[in-house]
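# Report on the structure
These are the residues of each chain, in order.
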Amino acid sequence: MTKRPGLAERSDPTGPRIGSVDLMVRIGPLTLLNPVLTASGTFGYGDEYAHVVDLGTLGGVITKTVTVKPRPGNPPTRIAETPAGMLNSIGLENVGLERFRREKLPKLRELGAAVVASLGGETPRELARLMEALGDEPGIGGFEINFSCPNVSKGGARYWAVPRRLERTLLMLRPLTRRALIAKLSPDVTSVADLAKACEQGGADAVTAVNTFVGMSVDLDHVRNRLNRSTGGLSGPAIKPLALARCWEAAAAVAIPVIGSGGIMSGRDALEFIGVGAAAVQVGTLSFVRPRGAGEVLDEMVAWLVERGVRRLDDWRGSLAPRPDEACAPRPSRGTLAERLRPRRR
Amino acid sequence: MTKRPGLAERSDPTGPRIGSVDLMVRIGPLTLLNPVLTASGTFGYGDEYAHVVDLGTLGGVITKTVTVKPRPGNPPTRIAETPAGMLNSIGLENVGLERFRREKLPKLRELGAAVVASLGGETPRELARLMEALGDEPGIGGFEINFSCPNVSKGGARYWAVPRRLERTLLMLRPLTRRALIAKLSPDVTSVADLAKACEQGGADAVTAVNTFVGMSVDLDHVRNRLNRSTGGLSGPAIKPLALARCWEAAAAVAIPVIGSGGIMSGRDALEFIGVGAAAVQVGTLSFVRPRGAGEVLDEMVAWLVERGVRRLDDWRGSLAPRPDEACAPRPSRGTLAERLRPRRR
Amino acid sequence: MSALALQENAARALAWRQVTARVARHQDYGAGHRWLDLVLPAVAPRPLAGQFVQLLLEAPSPVLLPRPMSVAAAATRGDRLVLGFLYAPVGSGTRTLAALEPGDHVEVLSPLGRGYPLEIKGTPVLVAGGRGVAPLLFAADALARSGRRCEFFFGARDRGRLVGLEEARRRLDRMGSRLHLATDDGSRGFHGTVMDLLDRVALRLPQPLVIHACGPHSMLKAVARWGTGHGVPAYVAMESIMACGTGVCRGCPLPRSSQARAAYGRSGDGVPPSLLGNRDYAMCCTEGPVFAAEDLDWERVE
Amino acid sequence: MSALALQENAARALAWRQVTARVARHQDYGAGHRWLDLVLPAVAPRPLAGQFVQLLLEAPSPVLLPRPMSVAAAATRGDRLVLGFLYAPVGSGTRTLAALEPGDHVEVLSPLGRGYPLEIKGTPVLVAGGRGVAPLLFAADALARSGRRCEFFFGARDRGRLVGLEEARRRLDRMGSRLHLATDDGSRGFHGTVMDLLDRVALRLPQPLVIHACGPHSMLKAVARWGTGHGVPAYVAMESIMACGTGVCRGCPLPRSSQARAAYGRSGDGVPPSLLGNRDYAMCCTEGPVFAAEDLDWERVE
Ligand SMILES: Cc1cc2nc3c(=O)[nH]c(=O)nc-3n(C[C@H](O)[C@H](O)[C@H](O)COP(=O)(O)OP(=O)(O)OC[C@H]3O[C@@H](n4cnc5c(N)ncnc54)[C@H](O)[C@@H]3O)c2cc1C
Ligand SMILES: Cc1cc2nc3c(=O)[nH]c(=O)nc-3n(C[C@H](O)[C@H](O)[C@H](O)COP(=O)(O)OP(=O)(O)OC[C@H]3O[C@@H](n4cnc5c(N)ncnc54)[C@H](O)[C@@H]3O)c2cc1C
Ligand SMILES: Cc1cc2nc3c(=O)[nH]c(=O)nc-3n(C[C@H](O)[C@H](O)[C@H](O)COP(=O)(O)O)c2cc1C
Ligand SMILES: Cc1cc2nc3c(=O)[nH]c(=O)nc-3n(C[C@H](O)[C@H](O)[C@H](O)COP(=O)(O)O)c2cc1C
Ligand code: FES
Ligand code: FES
């Protein structure tokens, strides 16, 4: 399990002066150096970027989702760009449990970053098998259960969009590991709050809100769908307002930490998610656009906090989110840090 | 009830030569000149744009949602721009049933366009009251029931996201009018197909897929939420891939026509929605960006069809949508127009 | 409001058009601002001071919604209109705008909203804050054309923010109008806000007064308070985040004062009912952007 | 593949860097194409012919994802690298690119993927379609530097589409390499496809042959078929829609041939396992973009 000092000391002397902002985040038994993680499926297994990114400065690295059997993924085309976003239909291509344990895990242990393994399954049983195999492996700080892949025909987002199924599955997984157990939720549901509550009941240490949104793209010039399957998952700036709303909703519904994900492209975006209640954030598509994006998000975030004299990230967390009894108020709640930071006149 | 010739004869001599593309669309008892409508809440009551738009060339105009009592709408701020999209939190500002009937209806009758009145209610009872009052009014070609407003605290998208409630409400409304009855659905549900089926069961002549997506925006400089309420509805290009997927899903689930809505900014976008199964489309945010947008969408659509020698829009409709048994195929289905139009080699 | 003004408002409200404009001039104006001249075909009426246009900054631009911009100058040239705009490239929209070069084209909706009721009798006291100076110089021009001079109050936080001061001085001099300067830090003119300055000199001006103001809402609030306190009618140009700019989206509400709520539906004000807001909220784009200060609830204005 | 090549591939695969490049030259190249020269700090290795870079066209650009672009020329200038690119402004990305002016900066990931295995023995037959000419001229240069001439086949639909023909002729002449021209409509050179032409002259070339090709997939398919039919090894530069360009997103699969599926996991090929695709699919960005034609399933290539 990764334990790190809570006060960030950045090695990069050209970055903003982090000084003494307390960025530490606790996700159940896992302590993160800072709240910026790389999202599953967008950072490989970490080592692909190790020569350009100082992984030790990240809050953590979440691996590509691993399934029991290796998966070749979907046929081409897997990617389509959309206005301010991208669709993907990768189909959980991964090396499978055995090669993951044999080839990837040893390398993950050397990354120098907190590692969260993402696990995917078509049934609760499959997830249990993965957890039985990996639950006690050293070098894994936590597990993110991918209850929300839009690009597989079985065990995808729709299958898992049932609160009771989530709860029962987590109850089954919980005894199999003492590491952090995180449930990653789909946004394509009537109530992400209900799913989040079910996860809390099931013993999850945190929920991630949210995975990609189901979308579709047509290539009119070639008169066909762009992606190999009818639909894919939308990520990037286009979904940020949607993800932010779902993150807020989830954070308002549960007491466990919520990890925000969806369209985070800057430190300001990350601060927005944390402001509405997220404990940590994940950076996905940004890594394709700028491999060092996660580190830049962190630097920008810290610079903003330092400039405003905020010494603990926890003070900022949730301070922009309306309390349930004032869900109609655009103002920060009384007495919160956000209220104090608000400029007096516009 | 508006009846028009099925062959479009455009008055604008500078537009593309529409020639003889059959664009006619039937929505239950309502026949539309062509498939391009203006979306509720984005075109006022039609007369605001009458001096710049040739309304007679549009497929139809859908009014701002009317409720029994007048509503002042939400306090400022009601609008926030986001990457490739906009959030709105108007809160169903409208003049209420009485003034609608007294002041707006007479003007609507003079528009020279097919008129669809959008109705909103906090309860099935309220909708019935509206329908009792307006169901037989001349000059209204159809009704779109707004089951999907994200910006009201009662009777909004979440309240209506229950298939049985939709079905029962429509069964109650159906006998109250002989005009077209359209149900407008929210995308923020686990299964838009289930909602669409419930509407079909309830006797709706069509469903509109989809209204805006719930989203949130933070103004970090002023350390507050941007909108008056915590959340608003996202529209514009950002949501097009998402709306397209939901439109396809709805169209695959029901036999009644589906009207596509969400991010349509061009004739090509409209063709995409129709290609995956929509019978007609609505143009919303585009009207803010270009008041004549709806007409331009139509012109561009027709030019594309004419260029490819397509004589009936109906041949194109759904021809890009994978059949249920081949939901994984990016190719157009066998024997469809799309298959014929597909360029031989890339 | 006079019968003439009522009729004019009614006619003007639906007289805007969508036209393609050509960039004729685009240059720095000092104090971080830029000046833009657009040439429009004159199928739409010439804007009045206080009216605005919607600039449709189209794809491939990072901006979706049009940007509203006050008209800062208007001249007729043959069958063309030349409109001037003053702005600061601060965000994505104005930065996109700043990239336009002479000869480029941009679509505009023009003219939108309602201008200053300059026909109202009394000594015109124009109160400008920052870039608010531009539409008010335009108003001063219009007044000068009908033979009236004005008292022009111009304020900013410091002298570096007195946008286009020399231009203002030159033009006002030519009209025989008087320029009163104020800076919060005293670095130029009177040391204090522009309203403190007006407070000092108001009694020495030919009575009655009528105020036309443009600037940040905080300043306009002070204008409104001063006007009420001294029984001086004040007209203020408001801003709001807008989507359509034409009354259809209902996105730009401003809270009405209780007095205006009570009068709602009676005066009519010349604006066609479908463009009116409701009892609680006025729409900035169609009923404004220029409002009688007494018609707004300043406690709730942001 | 030689042991040296294996090692080089392994080292190169993770040698790319993210650097800020400066636009040095940006001009028309004829036939609707543009030429771009970027100056990079040489912290990353000099690209080989066939490798590509990711151009990060950043906000405020209408484009989210980076655009992959083949390196069409590379020269070292002191501690700087000058990389050339040939492209056509056809979509939102390339139009954004086209707006860059000398002096502007753009971030790039360079160099990515694997280049042509030019070390392979035999008469190098370079087969170019359209803009594929550029990376192959770069390959011809590299061959010339190690004292080898090539047979350069250049084809297009019509003579208007023979991008940069005069430049190609001049450079190949200087190297003593031969240019063979073909157009589908016979408007220049041989009347037929470039593969028809190769078919005609192949026997007259010094044997054995080795093909390096770049062009539309339909042409590369013909190259692959010809190579198989004649027992000539062929290396082809593929394209795929990409997100990351670096192997992490798994977005750019190309279907492996049954032969390559059988060999999967055995050869290794020098690419670090984490950058390899899987038994069914190769990743275009890390295993390619240059592939041995026999390793792909051409029936399933789009
Ligand atoms: C009637 C009217 C007249 C205007 N006249 C001028 C003018 O003459 N010159 C000028 O420079 N600007 C004027 N504006 C403001 C202008 O429309 C732009 O909003 C502003 O210039 C910033 O736009 P942006 O896209 O660069 O910034 P953005 O990136 O959109 O935003 C920058 C900041 O401006 C705020 N903002 C965005 N839109 C508006 C808006 N409509 N009103 C107020 N704040 C907003 C945002 O919340 C943000 O804090 C006017 C606005 C209105 C409503
Ligand atoms: C390894 C590699 C090397 C390349 N080298 C060059 C080069 O040297 N010169 C050059 O002009 N282009 C090159 N491309 C293609 C380039 O990346 C752009 O996709 C292409 O120029 C169009 O981009 P756009 O943004 O202008 O068009 P878009 O608006 O994105 O799309 C225009 C059309 O191009 C298609 N397209 C988009 N991205 C790709 C892609 N990655 N591959 C194939 N088709 C795509 C779209 O589906 C669409 O039909 C290369 C691509 C790859 C993968
Ligand atoms: C190409 C791609 C592959 C992804 N693969 C996975 C995956 O394997 N498991 C998972 O849980 N999420 C996966 N995601 C979702 C991301 O982890 C992230 O939640 C999502 O992209 C939203 O964040 P973003 O907008 O910052 O990218 C993937 C996303 C992309 C774009
Ligand atoms: C400002 C605004 C107001 C809207 N008001 C309504 C409304 O009153 N009733 C309704 O059914 N939909 C309303 N909508 C939703 C639109 O009708 C449309 O379904 C949605 O905006 C998606 O389409 P678009 O992306 O083309 O705008 C509104 C949308 C906007 C942007
Ligand atoms: S901006 Fe749309 S109503 Fe005012
Ligand atoms: S483009 Fe991401 S793996 Fe190739």
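An unreviewed UniProt entry lists chain C under the name Dihydroorotate dehydrogenase electron transfer subunit, from Eiseniibacteriota bacterium.

The name that an unreviewed UniProt entry assigns to chain A is Dihydroorotate dehydrogenase, with the source organism given as Eiseniibacteriota bacterium. Checking UniProt for chain A, the heading Sequence similarities (unreviewed entry) contains the comment "Belongs to the dihydroorotate dehydrogenase family. Type 1 subfamily." As its UniProt record puts it under Pathway (unreviewed entry), chain A is described as follows: "Pyrimidine metabolism; UMP biosynthesis via de novo pathway."

Let's shift gears to the overall build of chain A. On a plain count of helices and strands, chain A comes out with 11 helices and 16 strands. At 19 Å, chain A has a C-alpha radius of gyration in line with the 20 Å of a compact globule built from 346 residues. With the principal axes as the frame, chain A shows a C-alpha extent of 55 × 45 × 40 Å. Per-residue burial for chain A yields a buried fraction of 67% across its 346 residues. Across chain A, contacts joining residues at least 24 apart in sequence account for 69% of those joining residues at least 6 apart.

A word on the overall build of chain C. Looking only at helices and strands, chain C has 7 helices and 16 strands in total. For 302 residues, the compact-globule formula gives about 19 Å, and the C-alpha radius of gyration of chain C, at 18 Å, lands near that figure. Overall, the C-alpha framework of chain C stretches about 50 × 45 × 35 Å when taken along its three principal axes. Out of the 302 residues belonging to chain C, those deemed buried represent 59%. Taking the contacts inside chain C whose residues are at least 6 apart along the sequence as the reference set, 70% of them involve residues at least 24 apart.

Structural alignment of chain B on chain A gives an RMSD of 0.0 Å, achieved by rotating through 180° and translating 0.0 Å along the axis. Here the copies are linked by what is in effect a two-fold axis. Most of the interface of chain B is mirrored in chain A, where 100% of its interface residues again form contacts.

Our focus in this paragraph is the interface of chain B and chain A. Contact with chain B, which involves 57 residues of that partner, is made by 57 residues of chain A. Surface buried jointly by chain B and chain A totals about 5,000 Å² across both partners, of which 60% is contributed by carbon and sulfur atoms. Taken together, the connections running from chain B to chain A amount to 6 salt bridges. Measuring nitrogen to oxygen at the nearest pair gives 2.4 Å for the salt bridge that ties A:Arg246 to B:Asp188. Remark: the boundary between chain B and chain A carries 14 residue pairs in polar contact (both at pLDDT 80 or more). Of all the elements in the fold, those that place two or more residues in the side of chain B that touches chain A are strand S11 (213-215), strand S12 (218-219), strand S13 (224-225), helix H6 (240-253), helix H7 (267-275) and helix H11 (337-341) of chain B. The element best represented in the side of chain B that touches chain A is H6(B), accounting for 7 residues. A class-by-class count of the residues in the side of chain B that touches chain A yields 34 nonpolar, 10 polar and 13 charged.

A few words on the domain arrangement of chain C. All names here are of chain C. Each domain of chain C was delimited in the assignment, giving domain 1 (8-112) and domain 2 (123-295). One C-alpha centre belongs to domain 1, the other to domain 2, and the line joining them spans 21 Å. The interface of domain 1 with domain 2 comprises 28 residues on the first partner and 23 residues on the second. When domain 1 packs against domain 2, the two sides together hide about 2,000 Å² of surface, and 69% of this comes from carbon and sulfur. It is Tyr29, Ala49 and Phe52 that lose the most area in domain 1 upon contact with domain 2, and together they represent 23% of the buried surface on that side. Where domain 1 packs against domain 2, one counts 0 salt bridges. Contributing elements (two or more residues each) for the side of domain 1 that touches domain 2: helix H1 (3-13), strand S1 (17-30), strand S2 (33-41), strand S3 (52-56), strand S4 (67-70), strand S5 (73-77) and strand S7 (105-112). In terms of residues, the side of domain 1 that touches domain 2 owes the most to one element, H1, which gives 3 residues. By residue class, the composition of the side of domain 1 that touches domain 2 is 21 nonpolar, 6 polar and 1 charged.

Another aspect to go through is the site of ligand 1. Residue and element names in this part refer to chain C. In the region of ligand 1, 20 residues are neighbours, and Arg67, Pro68, Leu86, Gly93 and Thr94 sit closest. A distance of 2.8 Å separates an oxygen atom of ligand 1 from a polar atom in the backbone of glycine 93. If ligand 1 stood free it would expose 820 Å²; the protein chains cover 82% of that surface. Of all the secondary-structure elements, those providing two or more residues to the shell around ligand 1 are S4, strand S6 (80-87) and helix H2 (92-98). Top contributing element to the shell around ligand 1 by residue count: S4, with 4 residues. The class makeup of the residues in the shell around ligand 1 is 11 nonpolar, 6 polar and 3 charged. Structurally, the shell around ligand 1 is a two-domain feature, drawing no fewer than three residues from each of domain 1 (8-112) and domain 2 (123-295).

Bringing the sheet that holds strand S4 (residues 67-70) of chain D into the picture now. Residues and elements named next belong to chain D. With respect to topology, 7 strands assemble into an open sheet ordered S4-S3-S7-S1-S2-S6-S5, the strand pairing being antiparallel. What marks the edges here is a single partner per strand, and that holds for S4 and strand S5 (73-77). Adjacent strand axes in the sheet meet at a mean angle of 35° when their direction is disregarded. Across 4 bridges, strand S3 (residues 52-56) lies against strand S7 (residues 105-112) in antiparallel orientation. What sits directly across from glutamine 54, in S7, is leucine 109.

Turning our eyes to something else, we now look at the side chain of C:Glu107. Among the secondary structure elements, C:Glu107 is positioned in strand S7. Put simply, C:Glu107 is tucked away with no salt bridge, and the nearest opposite charge, on B:Arg290, sits 4.0 Å away. Of the polar contacts made by the side chain of C:Glu107, one reaches the side chain of C:Gln18; its length is 2.7 Å. Polar side-chain contacts of C:Glu107 include one of 2.4 Å to the side chain of C:Thr20. The residues contacting C:Glu107, other than those within four sequence positions of it, are B:Arg290, C:Gln18, C:Val19, C:Thr20, C:Gln54, C:Leu55, C:Leu56 and C:Glu58.

Residues and elements named next belong to chain C. Annotation from UniProt places "binding site: FAD" (unreviewed entry) at Arg67, Pro68, Met69, Ser70, Gly93 and Thr94. Inspection of the secondary structure puts proline 68 in strand S4. Residue placement: glycine 93 occurs in helix H2. Ignoring sequence-local partners within four residues, the contact set of glycine 93 consists of Leu57, Val63 and Arg67.

Right, let's talk about the site of ligand 2 for a bit. All names here are of chain D. Neighbouring ligand 2 are 19 residues, the closest being Arg67, Pro68, Leu86, Gly93 and Thr94. Contacts to ligand 2 include arginine 67, whose side-chain N or O atom sits 2.5 Å from an oxygen atom. The backbone of glycine 93 places a nitrogen or oxygen atom 2.7 Å from an oxygen atom of ligand 2. Notes on ligand 2: free accessible area 830 Å², of which the protein chains cover 81%. Take the shell around ligand 2: its biggest share by element is 4 residues, from S4.

Criteria and thresholds
Residues numbered from 1 in each chain as written. Chains lettered and ligands numbered in written order. Predicted model: local features only at pLDDT ≥ 70, side-chain atom pairs only at ≥ 80, totals over all residues. Heavy atoms only, no water. UniProt positions renumbered as here; feature names shortened; annotations may be inferred. Helix = DSSP H or I, 4+ residues; strand = E, 2+ residues; numbered from the N terminus. Rg over C-alpha atoms; globule rule 2.2 N^0.38 Å. Buried < 20%, exposed > 50% of the residue type's maximum accessible area, 1.4 Å probe, protein only. Contact = heavy atoms within 4.5 Å. Least-squares fit on C-alpha atoms with pLDDT ≥ 70 in both. Buried area = accessible area lost by both parts, 1.4 Å probe. Salt bridge = Lys/Arg side-chain N within 4 Å of Asp/Glu carboxyl O. Polar contact = N/O pair within 3.5 Å; in protein donor to acceptor, adjacent residues only side chain to side chain. Nonpolar A, V, L, I, M, F, W, Y, C, P; charged D, E, K, R; others polar. Domains from an automatic or database assignment. Near = heavy atom within 4 Å. Areas by Shrake-Rupley, 256 points an atom, 1.4 Å probe, with all protein chains shown as cover. Pairing = 2+ DSSP bridges. Axes fitted to C-alpha atoms, helices over the stretch in contact; angles between N-to-C directions. Lys, Arg positive; Asp, Glu negative; His and termini not counted.

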